[in-house]
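Analysis of the macromolecular model
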Amino acid sequence: GILIDGRVCRGSDGIAGAVGWFALQPEFKPEYASMGCFEAEASGNSLARKAARLWEGGEPSLIKELSGGRAEKATAEIVVKAARRGDPPARRLIGDAVAYISMGVANLVSMLNPEVVILGGGLMQAADLLLEPIREKFQTWAQPLAAGKVRIEISRLGEDAGLFGAGKLAWESVKNRD
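Residues numbered from 1 in each chain as written. Predicted model: local features only at pLDDT ≥ 70, side-chain atom pairs only at ≥ 80, totals over all residues. Heavy atoms only, no water.

Considering unusual backbone geometry
To be explicit about the condition: For helices the rule is a DSSP run of H or I covering at least 4 residues; for strands it is a run of E covering at least 2, with both sets numbered from the N terminus onward. Only protein chains enter the accessibility calculation, which uses a 1.4 Å probe. A residue is then buried if its area is under 20% of the maximum for its type, exposed if over 50%, and partly exposed in between.
The phi dihedral of Asn113 falls on the positive side, at around 50°, and the residue is not glycine. Along the chain, Asn113 falls in the loop between α6 (88-112) and β3 (116-119). Taking the relative accessible area as the measure of exposure, Asn113 reaches 52% and is therefore exposed.

Right, dumping it as structure tokens:
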């Protein structure tokens, strides 16, 4: 979501802030049609899908061992665990996610010139691997003056950030009916 002066920016159809649909590369992939490029490339689910594809390529990885040798058991948590242990394919997957998240953050910063960008969701549970590289790499893409002033932080609400935001919107809609 996008907050401007403490108010939710809803857009003309109530869907403003759907950053998962950011186009971050010119080559369109079929999965973008159902979830958008940003979501398909830089979410926990995307890490799991990409980890499962390691089986197709036959590349050795700790991800396979941690998944019990079953591609369908690969999760973002397993990719993170393997990356923390230094597994090159897992670290590459994390690096790819950092690249996409950095571009997405840069687009938001350049367009909105915010005071702070708060990152949340399941993938951000691996902030120890993601946050500093994102803070560094987004500057390559962002408008320099805005990039120099914005703070990039992790949500204190963890994986439940979206749930809390939806609850707040529901409460506000009920409260505003009077």
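A look at the pattern of salt bridges
Opposite charge on two side chains allows them to pair when their charged atoms are near. Let me state the cut-off plainly: A pairing counts as a salt bridge when a side-chain nitrogen of Lys or Arg comes within 4 Å of a carboxyl oxygen of Asp or Glu.
Throughout the structure, instances matching the rule amount to ten salt bridges. Close ionic contact of Lys29 with Glu41 constitutes a salt bridge, the shortest N to O distance being 3.0 Å. Taken together, the residues Lys29 in the loop between β2 (7-8) and α1 (32-35) and Glu41 in helix α2 (residues 37-41) connect sequence positions twelve residues apart. With relative accessibility at 23%, the residue Lys29 sits in the partly exposed group.

Side note on the packing of helix α5 (residues 76-84) against α6
In plain terms, the rule: Note on geometry: axes are C-alpha line fits, over the in-contact stretch for helices, and angles between N-to-C directions span 0 to 180 degrees. Each crossing gets its hand from how the near helix is turned against the far one by less than a right angle, where anticlockwise is left-handed and clockwise is right-handed. We call two residues in contact whenever any of their non-hydrogen atoms come within 4.5 Å of each other. Three categories are distinguished: nonpolar for Ala, Val, Leu, Ile, Met, Phe, Trp, Tyr, Cys and Pro, charged for Asp, Glu, Lys and Arg, and polar for the others, with Gly belonging to the last.
Where α5 contacts α6, the two axes come as close as 7 Å, and the packing angle between them is 115°. Between α5 and α6 lies a crossing of left-handed hand. Together, Val79, Val80, Ala82 and Ala83 of α5 and Ala90, Arg91, Leu93 and Ile94 of α6 make up the contact between the two elements. Class assignment of the residues belonging to the contact of α5 with α6 gives a composition of seven nonpolar, no polar and one charged.

Let's talk about the confidence of the model for the protein chain
The test is simple: What pLDDT reports is the predictor's confidence in each residue, on a scale of 0 through 100.
Confidence in the prediction of the protein chain, expressed as mean pLDDT, is 88, and 90% of residues score 70 or more. No element of the protein chain has a lower mean pLDDT than helix α9 (residues 161-175), which averages 64, and none a higher one than helix α7 (residues 127-141), which averages 97.

Considerations on the environment of Arg85
Tracing the backbone shows Arg85 in the loop between α5 and α6. Each C-alpha atom of the pair Arg85 and Lys137 lies 23 Å from the other, and the pair is 52 residues apart in sequence. What Arg85 contacts, discounting residues up to four positions off in sequence, is Leu62 and Leu66.

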